[in-house]
Amino acid sequence: MEFGLLGEFTIGDTPAATVAERPQRRALLVYLLLRANHSVGYPELIDALWGQRPPRTARAQLHTMTSALRRIPVVGAALSTRDHGYQLDLPADHVDVARFRRLVIQARSTAAEGDTQAASQQLRAALDLWRGPALTGVHAPFAEHARVRLADERVAAFEQLAVVELALGRHQQLIGPLTELARTCPEREEIARSLMEALYRGGRSREALAVGARLRRLLSREYGLPPGPELQALEQQIRTSTPVGAPVSSRTPAQIPPAVRGFVGRDDELRALEKLRDNTHSGAIAIVAGPAGVGKTALVIQWAQTAREHFPDGQVYVRLRGHADTAATEPAVALRRMLSALGRPPAAAAPGTDPAEHLEALSAALRSATAQRRVLFVLDDAASAAQVLPLLPGVPGCVTVVTSRIRLRAVLVYTGAVPIDVEPLPETDALRLLGRAAGTHRVGQEPQAATELARLCAGLPLALRIAGARLIGRPRGAVGELARELSDADRRLPGLTLHGEQVGLARAFEQSYRRLTAEQAGVFRDLGPIAELAGEAGAATEHIAERLARPPDRVRAALRSLAARHLVIECRPDRYTMHELLRLYARQQPAPAEPPVVSAARPGRPTG
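These numbers come from a predicted model, not from an experiment.

Engineer: Even after reading the chapter, I still don't get the sheet that holds strand S6 (residues 85-88), so can you show me in this structure?
Structural biologist: Backbone hydrogen bonds hold the strands of a sheet together, and the pairing may be parallel or antiparallel. Pairing is antiparallel across the open sheet formed by three strands, whose spatial order is S4-S6-S5. Strand pairing shows two members of the sheet lacking a second neighbour, strand S4 (40-41) and strand S5 (79-82), which therefore form its edges. Bridge count for S4 against S6 is two bridges, and the pairing is antiparallel. The partner of Val40 across the bridge, within S6, is Tyr86.

Engineer: Sorry, what's going on with helix H16 (residues 355-370) here?
Structural biologist: Helical geometry: 3.6 residues make up each α-helical turn, so side chains three or four residues apart lie on a common side. The first and last C-alpha atoms of H16 sit 23 Å apart over 16 residues, in line with the 22 Å expected at 1.5 Å per residue. Listed in full, the buried residues belonging to H16 are His358, Leu359, Ala361, Leu362, Ser363, Ala364, Ala365, Leu366, Ser368, Ala369 and Thr370. Taken together, the buried residues of H16 touch helix H10 (189-201), helix H11 (205-223), helix H15 (331-341) and strand S9 (376-382). The N-cap of H16, judged by a side-chain oxygen 3.2 Å from the amide nitrogen of Ala356 a few residues on, is Asp354. Just downstream of H16 lies Gln372, where phi reads positive at about 60°.

Engineer: I would appreciate a short explanation of the environment of Gly495 in the present structure.
Structural biologist: With respect to the helices, strands and loops of the structure, Gly495 is situated in helix H24 (residues 489-495). Here Gly495 falls in the buried class, since its relative accessible area comes to 3%. Considering only alpha carbons, one finds Gly495 and Thr240, 255 residues apart in sequence, at a separation of 70 Å. Each residue touching Gly495, except ones within four places of it in the same chain, is listed here: Arg470, Glu485 and Leu486.

Engineer: So what exactly am I meant to see when it comes to the pairing of S9 here?
Structural biologist: Within S9, seven of the seven residues are buried, leaving the element largely enclosed by the surrounding structure. For strand S8 (residues 315-319) and S9, the ladder comprises five bridges, and the chain directions are parallel. Note that in S9 the partner of Gln315 across the bridge is Leu376. Relative to strand S10 (residues 399-404), S9 runs parallel, the two sharing five bridges. Counterpart to Leu376 in the pairing with S10 is Val399.

Thresholds, definitions, all that
Residues numbered from 1 in each chain as written. Predicted model: local features only at pLDDT ≥ 70, side-chain atom pairs only at ≥ 80, totals over all residues. Heavy atoms only, no water. Pairing = 2+ DSSP bridges. Helix = DSSP H or I, 4+ residues; strand = E, 2+ residues; numbered from the N terminus. Expected span 1.5 Å × (residues − 1). Buried < 20%, exposed > 50% of the residue type's maximum accessible area, 1.4 Å probe, protein only. Contact = heavy atoms within 4.5 Å. Polar contact = N/O pair within 3.5 Å; in protein donor to acceptor, adjacent residues only side chain to side chain.

So, in structure tokens, the structure goes:
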């Protein structure tokens, strides 16, 4: 039985409202269908259904709603409970969104192989699945963004169809639908370019140039941008009556930094990124999250360097500085860098331009610049969802990988991004990394001391690399000496610092700590002495609240915020553990004379 989302929400041939009468239950089912075959956690579902102000009973309501959904036969057989959420397992062809995306991907591959006729048939079959505006009748915080995203995919599929049809010489049949799309989507440069080509081939050169002139005025007035090189080349061909040839390619950026030497492990995370690379139907996005020093950037760069050939139109790297000593990169600044890398440097905003409108214009320009292209974007060290959301092109063929110390749940909700959590290395990989950082011969000379040293670094690659750097050039026996030094809890964090080189674990932790609110920072500091947080079973929220002499509800809220920032770990519902080195750091923090400065996102935008 098929679930229909590309129009009114249907289950088979029946409107979903007759099967699941309550709107919120339908919204929950739709969100699970959009994330079919992926585990969806409780926090993500709560954000999707209630947004920034969920009720206290949100999790209980989720249980009630899923129990009701299980009574729908076709749903009950596919819906399963996971450790921290739910998963709906369905064959891909049972959801029309998945069928649409599969056909678009197949068409791209078919066209690349030269079979434009088959590609045209596949794209028309994909577009025929649409029965109206997506998710009609679905109301929830996630729904509008999902509708816009799906609508963009529909237009992008037609853009792809226009290219194929032009290659087949069907320009006359395209003029009508392209004219209507150019009216409803005037900023879509690919639509304008295809319409101009169709008109020119049909002997209507003046009308073709008028389309280009209208787009040029719009881009200049609204975005401060010129048209792209392909459209400018087409204009020149029309003016000189030159036959239309292959489009002009833009500059190809290759900005990914070099991979870190001695990279080890992370096989599961690399496989998840490989899967993302091959699933570019709607502009695939991954959020790679984890605590400071766990190796998020090294992981992504390692993968990106091996994936470059799959993104022939460029690889763009932007440091967002979400946890740097300097201010975080403003979204508008990041967009200007991304557009410049793609050969489309935007003009400065005119005096008096509304900043929000300028940001939206830059985002639209990025979508235009990446249409029909395969580009990889790496957005490193994000501060918040508000910083990231304007930077996501979300167009077929592109992949965006974001690293952050924060889970950025709002990005997951609004884009369907894939979450990839990065945890400390297991003992075997930690020892291998120490060997590569310090020299395998040195580790081999003192195997027991090396094992103990790796354990004291608690699986954090930054700590292991610092320890390895401290051993280079030291005499035999230095491994044991360093292990003995770090076994003293008071000396461990100072010992995992390269003094005078601005590299240290405590410094990395500080960059997360100073971005907490006063309440969060106070709870974090007070967690350090609680020994139960070091055990696998963790400590219950009620017990922590009792130890901290604080109201349980406020402690629970603070713990959830700290967990979202990877400063504590929710090992089971309402039970928490804490990384050993973070506990040491927390214990060593004095209560500040004044509350730490809160790094707030702009009002009205999600903060992750």
